[in-house]
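Here are the chains, one letter per residue:
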Amino acid sequence: MTKPLRIVVAGYAVGFPLGGQVWMMLHFAAGLARLGHDVLFLEETADWAYPFDPVLGYAGTDSTRGRAIVDKLFAAHGLAGRWAYRSDIEGRLYGLDQASLDRKLAEADFFLNISGVIPLREEYTRIPARAVIDTDPVFTQVKVASEAWSHDYFAAHQTCFTYGYNLPAGTTGVPLSDIDWKPLLPPVILDCWPTGEGPGAGYTTIGTWEAKDRDVEVAGRHLSWRKNVKYEAILDLPGRLPGVDLGMAMSGMKENADRYRAAGWDVRDALEISRDPDRYRDYIRASRGEFTIAKDQNVVLKSGWFSDRTAAFLAAGRPAVVEDTGFGAYLPTGEGLFPFQGPDAAVAAIAQVEADPLRAGRAARAIAEEYFDSDKVLAGLLRQCGLA
C-alpha cells in the first residue's frame, strides 16, 4: 500500500439486518480498515426500500432495530461512528451528520458499491475511483443485458466485479454485455471466525426457502432462483445417512417445515438465528459442516458462484458439502470442500467428511486462509482498481 485511502463502502445492512447480510458488509468495511484505510460505510434507501425489522419479521417504516444491530457490530470491530444511513422513508440521516457526510464524500478516493443497491447520487459518481460488486451472478448479467438502466448503473463504475468467478471467461453462455467483469471471491476476516470446538453437531445451512420473481432465461432456458424446488429432490436424504444429522435454518418454509422434519431434517427458523449476528456466527461454528444446494442459475451454467456464507463455514473450520456451481475450476476440492451433483454424490461427499471430520475441518480452514482471507482478497481488489 502506497498510502491510506479514504474509502466509502456502500452497501445494504440496516435495511436487512440479518446475520449473513451484515457480516458480508462488515467483512468489506472492517477488512479494508484493517489494511490501514479510512473507511465509511454508507447506506441509502429509496422510497420503496422499507427496512426489515428482525424482531417483527417483516418490513416497516422504522429502522431502529436495524441501526442498533449495525452500530453494535461495527463498533465491536473497530468501526464505531463510521457509518451513515440515509432513509428516504423516515426522512432522516442517521449515524454521521450531514456536514460530516458531505465532507467524507468530497474527500473520498474510492467508492466501493457492494451488490449495487444504493441509488447513484451525483456526489457518489464524482468520487475518482468507483467499483461495484455483483453478488448475485447470472441474475445480474441478465438484467444488465436486458435493462438499459441496469446497464448504465454498472457502467457508471470503472471496475465491475462479480462473484460468478467463471463468468468473465465467456464460456458459460451468460450474456456479459460490454461490461469487463472481473472475478472476485467473498472476503472473510479470519479473526472473526475462530475454529469451532470439536467436530461439531450436524450439517446445516442458512437461507431463504423461496424467492419469487427472480427466475431468468438464458439462451432459451428457464432457470430458477428458488431453493425450495431443489430441496424436493433430496427430501429423503436423511434416511440415506443413518447417524448423520442433516438440517437447515430457512425462512419462509411455513407448512413445509413439518414435512421436512418428518423426513428426518432438523429444521430451524432462520430468522431466530440470523437476527443476532453473534448467534448466526455461533450457529455456524457449532455445526459439523455445511450441506446446501445452490440455485439452478449457477448450477446449470456453472457460473463459479461461491457463497460468502460457505466461506464463513470454511473459516470456522467447518467443511462444506455444496452443490457444484463450477467452483472446482479455481478452488481445491476433495478435502475441506466437496462439490456434488445429485443425491448419490451428496451421500458420498458426506461420507468422505465423516471418515475423518477433524481432518476435513483443518482442510476447510486452510482453504479459507489461502483463498478468502480479507487481507488477500481486498488487497487484490484494490490492485485491480489501480489503487495499490
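All values derive from a computational prediction rather than experimental measurement.

## Some details on the nonpolar core
- Formed by 71 residues in total, the largest nonpolar core has its most connected members in Phe28, Phe110, Trp193 and Leu381.
- For this core, the leading source of residues is helix H1 (residues 19–34), giving nine residues.
- Among all residues touching Phe28, those that are not within four sequence positions of it are Val9, Leu112, Ile114, Ile133, Tyr163, Leu184, Pro187, Leu378 and Leu381.
- In terms of nonpolar packing, the next biggest core, distinct from the first, is built from 26 residues, Val244, Met250, Trp265 and Phe338 among them.

## Here's the deal with the domain arrangement of the protein
- Here the domain parsing of the protein yields domain 1 (6–187 + 374–385) and domain 2 (190–371).
- Computed over C-alpha atoms only, the centres of domain 1 and domain 2 are separated by 25 Å.
- Facing 35 residues of domain 1, the contacting portion of domain 2 comprises 35 residues.
- For the pair domain 1 and domain 2, the two sides together bury roughly 2,700 Å², of which 61% comes from carbon and sulfur.

## Some words on the side chain of Thr172
- With respect to the helices and strands, the residue Thr172 is situated in the loop between strand E9 (159–162) and strand E10 (181–183).
- Among the polar contacts listed, one links the side chain of Thr172 to the backbone nitrogen of Val174, at a separation of 3.3 Å.
- Once residues within four sequence positions are removed from consideration, Thr172 is found in contact with Asn166, Leu167, Leu301, Lys302 and Ser303.

## Looking at the packing of aromatic side chains
- For the structure on display, the rule yields 16 aromatic pairs.
- Between Tyr231 and Trp265, the aromatic rings sit 5.8 Å apart at their centres with planes inclined by 85°, giving edge-to-face as the arrangement. With Tyr231 in helix H7 (residues 227–232) and Trp265 in the loop between helix H8 (256–262) and strand E16 (266–269), this pair connects stretches of sequence that are 34 residues apart.
- Here Tyr231 falls in the buried class, since its relative accessible area comes to 0%.
- Given the relative accessible area of 3%, Trp265 is considered buried.
- Within the aromatic cluster, the residues linked to one another by ring pairs are Trp209, Tyr231, Tyr260, Trp265, Phe291 and Phe340.
- The ring of Phe139 is capped by Arg214, whose NZ or CZ atom sits 4.0 Å from the centre of that ring.
- Cation over ring: Lys295 sits above Trp305, and NZ or CZ is 5.0 Å from the ring centre.

## What about the environment of Arg365?
- Structurally, Arg365 is set in helix H14 (residues 357–372).
- Note on Arg365: relative accessible area 16%, which makes it buried.
- Counting along the chain gives 272 residues from Arg365 to Leu93, while the straight-line C-alpha distance between them is 40 Å.
- Within the structure, Arg365 has its side chain in polar contact with the backbone oxygen of Trp193 (distance 3.0 Å).

Reading guide: rules and limits
Residues numbered from 1 in each chain as written. Predicted model: local features only at pLDDT ≥ 70, side-chain atom pairs only at ≥ 80, totals over all residues. Heavy atoms only, no water. Core = buried A, V, L, I, M, F, W, Y, C linked by side-chain atoms within 4.5 Å. Buried < 20%, exposed > 50% of the residue type's maximum accessible area, 1.4 Å probe, protein only. Helix = DSSP H or I, 4+ residues; strand = E, 2+ residues; numbered from the N terminus. Contact = heavy atoms within 4.5 Å. Domains from an automatic or database assignment. Buried area = accessible area lost by both parts, 1.4 Å probe. Polar contact = N/O pair within 3.5 Å; in protein donor to acceptor, adjacent residues only side chain to side chain. Phe/Tyr/Trp six-rings, centres within 6.5 Å; stacked < 30°, edge-to-face > 60°. Lys NZ or Arg CZ within 6 Å of the ring centre and 35° of its normal.

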